[in-house]
Amino acid sequence: MTTLNSTPRADGFRMPAEWEPHSQTWMVWPQRPDNWRLGGKPAQAAFSAVAKAIAEFEPVTVCVSAEQYENARARLDHPAIRLVEISTDDAWVRDTGPTFVSNALGEVRGVDWAFNAWGGFDGGLYFPWQRDDQVARKILEIERCARYRTDGFVLEGGSIHVDGEGTLITTEECLLNRNRNPQLGRAEIEQMLRDHLAVDTVIWLPDGLFNDETDGHVDNFCCYVRPGEVLLAWTDDPQDPNYARCQAAMQVLAAARDARGRQLIVHKMPIPGPLHASEEECAGVDLVAGSQERSPEVRLAGSYVNFLIVNGGIIAPSFDDPLDEQARTILQALFPEHRVVMVPGREILLGGGNIHCITQQQPAPQRR
Ligand code: KQY
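Keep in mind that this is a model prediction, so the values were computed, not measured.

S.K.: Which residues make up the site of the ligand, and what values go with them?
M.R.: The immediate surroundings of the ligand are formed by 13 residues, with Asn35, Asp95, Glu213, Gly351 and Cys357 found nearest. In the model, a nitrogen atom of the ligand is placed 2.9 Å from a nitrogen or oxygen of the glycine 351 main chain. Protein chains bury 98% of the 300 Å² of accessible surface belonging to the ligand in isolation. Grouping the amino acids of the shell around the ligand by side-chain chemistry returns four nonpolar, six polar and three charged.

S.K.: I'd like to hear about unusual backbone geometry, residue by residue, with values.
M.R.: Of the consecutive residues phenylalanine 127 and proline 128, the connecting peptide bond is found in the cis state with omega at -5°. Checked against the element boundaries, proline 128 lands in the loop between strand 6 (108-114) and helix 4 (130-133). Proline 274 follows glycine 273 through a cis peptide bond whose omega is 15°. Looking at the element boundaries, proline 274 is found in the loop between strand 13 (265-270) and helix 9 (279-283). Even without being a glycine, leucine 38 presents a positive backbone phi close to 50°. When you line up the elements, leucine 38 lands in the loop between strand 2 (22-28) and helix 1 (41-55). For alanine 117, which is not glycine, the phi torsion reads 60° and is therefore positive. Mapped onto the elements of the fold, alanine 117 is located in the loop between strand 6 and helix 4.

S.K.: I'd like a rundown of the pattern of salt bridges, residues and numbers included.
M.R.: Tallying each qualifying case throughout the model produces 26 salt bridges. With a shortest N-O distance of 2.5 Å, arginine 9 and aspartate 200 are connected by a salt bridge. With arginine 9 in the loop between strand 1 (3-4) and strand 2 and aspartate 200 in the loop between helix 7 (186-197) and strand 10 (201-205), this pair connects stretches of sequence that are 191 residues apart. For aspartate 258, the salt bridge goes to arginine 262, with nearest N and O atoms at 2.7 Å. With relative accessibility at 26%, the residue arginine 262 sits in the partly exposed group. Each of Asp112, Asp133, Arg147, Arg149 and Asp151 takes part in one network of salt bridges that share partners.

S.K.: Residues and numbers for the sheet that holds strand 8 (residues 161-162), please.
M.R.: Backbone-to-backbone hydrogen bonds pair the strands of a sheet. The strands run either parallel or antiparallel. Pairing is mixed across the open sheet formed by three strands, whose spatial order is 8-9-10. The strands lining the two open edges of the sheet, one partner per strand, are strand 8 and strand 10. Each of strand 9 (167-171) and strand 10 touches helix 7; the most contacted strand, strand 10, lies at about 130° to it.

S.K.: I'd like to hear about the layout of surface pockets, residue by residue, with values.
M.R.: Reported here for the largest pocket is a volume of approximately 370 Å³. If you trace the largest pocket, you find 34 residues lining it, with Glu213, Arg294, Leu300, Leu349 and Gly352 closest to the centre. Among the secondary structure elements, those contributing two or more residues to the lining of the largest pocket are helix 9 and helix 11 (346-350). Counted as a void, the second largest pocket has a volume near 260 Å³. Lining the second largest pocket we find 17 residues, and of these Gln31, Arg32, Thr88, Asp89 and Arg131 sit closest to its centre. For the lining of the second largest pocket, a count of residues per class yields eight nonpolar, four polar and five charged.

S.K.: Give a description of the state of the cysteines that names residues and reports values.
M.R.: Taken as a whole, this structure holds zero disulfides when the rule is applied. You can see cysteine 246 has no disulfide; the closest cysteine sulfur is in cysteine 222, sitting 10.0 Å from it. Cysteine cysteine 282 shares no disulfide, and the gap to the nearest cysteine sulfur, in cysteine 357, comes to 19 Å. Taking relative accessible area as the criterion, cysteine 282 reaches 11% and is therefore assigned buried.

So, how was this worked out
- Residues numbered from 1 in each chain as written.
- Predicted model: local features only at pLDDT ≥ 70, side-chain atom pairs only at ≥ 80, totals over all residues.
- Heavy atoms only, no water.
- Near = heavy atom within 4 Å.
- Polar contact = N/O pair within 3.5 Å; in protein donor to acceptor, adjacent residues only side chain to side chain.
- Areas by Shrake-Rupley, 256 points an atom, 1.4 Å probe, with all protein chains shown as cover.
- Nonpolar A, V, L, I, M, F, W, Y, C, P; charged D, E, K, R; others polar.
- Helix = DSSP H or I, 4+ residues; strand = E, 2+ residues; numbered from the N terminus.
- Salt bridge = Lys/Arg side-chain N within 4 Å of Asp/Glu carboxyl O.
- Buried < 20%, exposed > 50% of the residue type's maximum accessible area, 1.4 Å probe, protein only.
- Pairing = 2+ DSSP bridges.
- Contact = heavy atoms within 4.5 Å.
- Axes fitted to C-alpha atoms, helices over the stretch in contact; angles between N-to-C directions.
- 1 Å grid on protein atoms, 1.4 Å probe; cavity = no way out; pocket = protein on both sides within 12 Å on 5 of 7 lines; lining within 4 Å.
- Points joined across faces, edges and corners; volume = space filled by probe spheres on them.
- Disulfide = S-S within 2.5 Å.

Quick look at the structure:
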């Protein structure tokens, strides 16, 4: 495979918006018992439902270990779902997979960011993470896509959203965290984003959602729905620990201008819950030193913003919550040309993320 020493921007590549056409979506099969309760069985059912929902709109490739191949193949019984055997540490391909970039000639390449399990030895969620750090490279190799590797620069795909027209949204809580790139300041981090994603404007929200174990990934809090319009997780309850976070994000978004000089329209999405894991759910997770502990006292970072845009569809989590239908209505109104499909997201949330976090879109080659 080819690893390039240049940057995507210098080579005429940019990160497309998620709503641009995909050739497929990538996922990874969950199995680690210190993150997924009951040996991953409920999570495997949840991931299967997500994969099959996406497969109604576009092809899906699921990476699976050798020992889980037979089981995964039997459960992912859909003609549009392909399995490939890849060793991983866990199942968060948004963060471990490549960020695909494309050019006007219809070529697709990938950025392989360094990965440190969301903070390395300073708050990271497990050790070792070497196999997860290799996922992007392996996917690019399978797809015969050239690779840009950012050795020493840590970034997860869930910590960024782009509008495809030169603007990126992220959070200071994550990207400026000392457990990612302590050697770099804000300006240097912005420069990495400019060089690797071909963006011109970076909008920095102060924080992500309360208790998000990724240190506030933006994909659980705020996303683009089209150029100039974002969707922000929202509460009007001053007692909610998310209140100050939402207010601070709104202030930044209201004052922001995007790369094309637009003022942003901000849509609000209610936050489900508060949601908590039950005693029984927590008891089903293996206790391993260095892995994330689970407790019913800790509020889960549940969010309807953690959805995936696919070709003609929106795949969004539901939580068996009274707000589920309102979330669906909001999404359907924001995406009138897409069909909104809600898939139970609780099991994925118990592992620390949701549908956007467990998926990675690969853009279709497009001549522009
Ligand atoms: O939400 C994500 N992007 C990843 C969450 C990782 C949680 C590991 N327990």
